[in-house]
Amino acid sequence: MIPHFESKWRIEEHARSLNLPLTVLRPVAFRPPDPEMLIILRWFKEKGYEADIAAVRALYPPLMSLETWLRLNEWKNAQPVPETEHPAWG
């Protein structure tokens, strides 16, 4: 488990238990300390959110990959960074 995700969940659960008006903002991540950031990056690489993309695409056929969306929105010259060149992937 990622410490930041777990602590955020506990805080949200406590806030909901107070029965007060509540707005939880997303995304769930912020810039944690470097050691935790490495845990988060490895988690995204190895597990991620485990979304069933095929099932989502069946419900919403216009669904695009991030790369497709970026290229359609003026990131036409964007090139992926190979994992071996990204220091955080170690």
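Analysis parameters
- Residues numbered from 1 in each chain as written.
- Predicted model: local features only at pLDDT ≥ 70, side-chain atom pairs only at ≥ 80, totals over all residues.
- Heavy atoms only, no water.
- Helix = DSSP H or I, 4+ residues; strand = E, 2+ residues; numbered from the N terminus.
- Buried < 20%, exposed > 50% of the residue type's maximum accessible area, 1.4 Å probe, protein only.
- Areas by Shrake-Rupley, 256 points an atom, 1.4 Å probe, with all protein chains shown as cover.
- Lys, Arg positive; Asp, Glu negative; His and termini not counted.
- Salt bridge = Lys/Arg side-chain N within 4 Å of Asp/Glu carboxyl O.
- Contact = heavy atoms within 4.5 Å.
- Phe/Tyr/Trp six-rings, centres within 6.5 Å; stacked < 30°, edge-to-face > 60°.
- Lys NZ or Arg CZ within 6 Å of the ring centre and 35° of its normal.
- Expected span 1.5 Å × (residues − 1).

Draft legend 1. View of the overall build of the chain. For the chain, the count of helices and strands is four helices and zero strands. Scanning the chain from its N terminus toward the C terminus, one meets helices and strands in the order α-α-α-α. The burial tally for the chain puts 12% of its 90 residues in the buried class. Element-wise, carbon and sulfur atoms account for 63% of the exposed surface of the chain, whose accessible area totals about 7800 Å².

Draft legend 2. Molecular detail of the side chain of Glu-36. Along the polypeptide, Glu-36 turns up in helix H2 (residues 34–46). In this structure, Glu-36 is buried with no salt-bridge partner, the nearest side chain bearing the opposite charge being Arg-10 at 10 Å. Not counting residues within four places of it along the chain, the set of residues in contact with Glu-36 comprises Ile-2, Pro-3 and His-4.

Draft legend 3. Spatial organisation of the pattern of salt bridges. Tallying each qualifying case throughout the model produces five salt bridges. Across the pair Glu-12 and Lys-8 runs a salt bridge whose closest N-O atoms are separated by 2.0 Å. With Glu-12 and Lys-8 both in helix H1 (residues 3–17), this residue pair falls four residues apart, about one helical turn. Comparing Glu-12 with Lys-8, the two get one shared label, buried. Overlapping salt bridges bring together Lys-8, Glu-12, Glu-13 and Arg-16 as one network.

Draft legend 4. Here's a closer look at the packing of aromatic side chains. Within the structure shown, the criterion is met by one aromatic pair. Geometrically, the ring pair formed by Trp-43 and Phe-44 is edge-to-face, given 5.1 Å between the ring centres and 65° between the ring planes. Judged by its relative accessible area of 36%, Phe-44 falls in the partly exposed class. Note that Arg-16 overlies the ring of Trp-9, its terminal NZ or CZ placed 5.4 Å from the centroid.

Draft legend 5. Expanded view of H2. Here H2 contains 13 residues, and its C-alpha end-to-end distance of 18 Å stays within 8% of the 18 Å for a straight helix at 1.5 Å per residue. Where H2 is buried, its residues contact H1. Looking one or two places after H2, you find Gly-48, whose phi comes out positive at around 70°.

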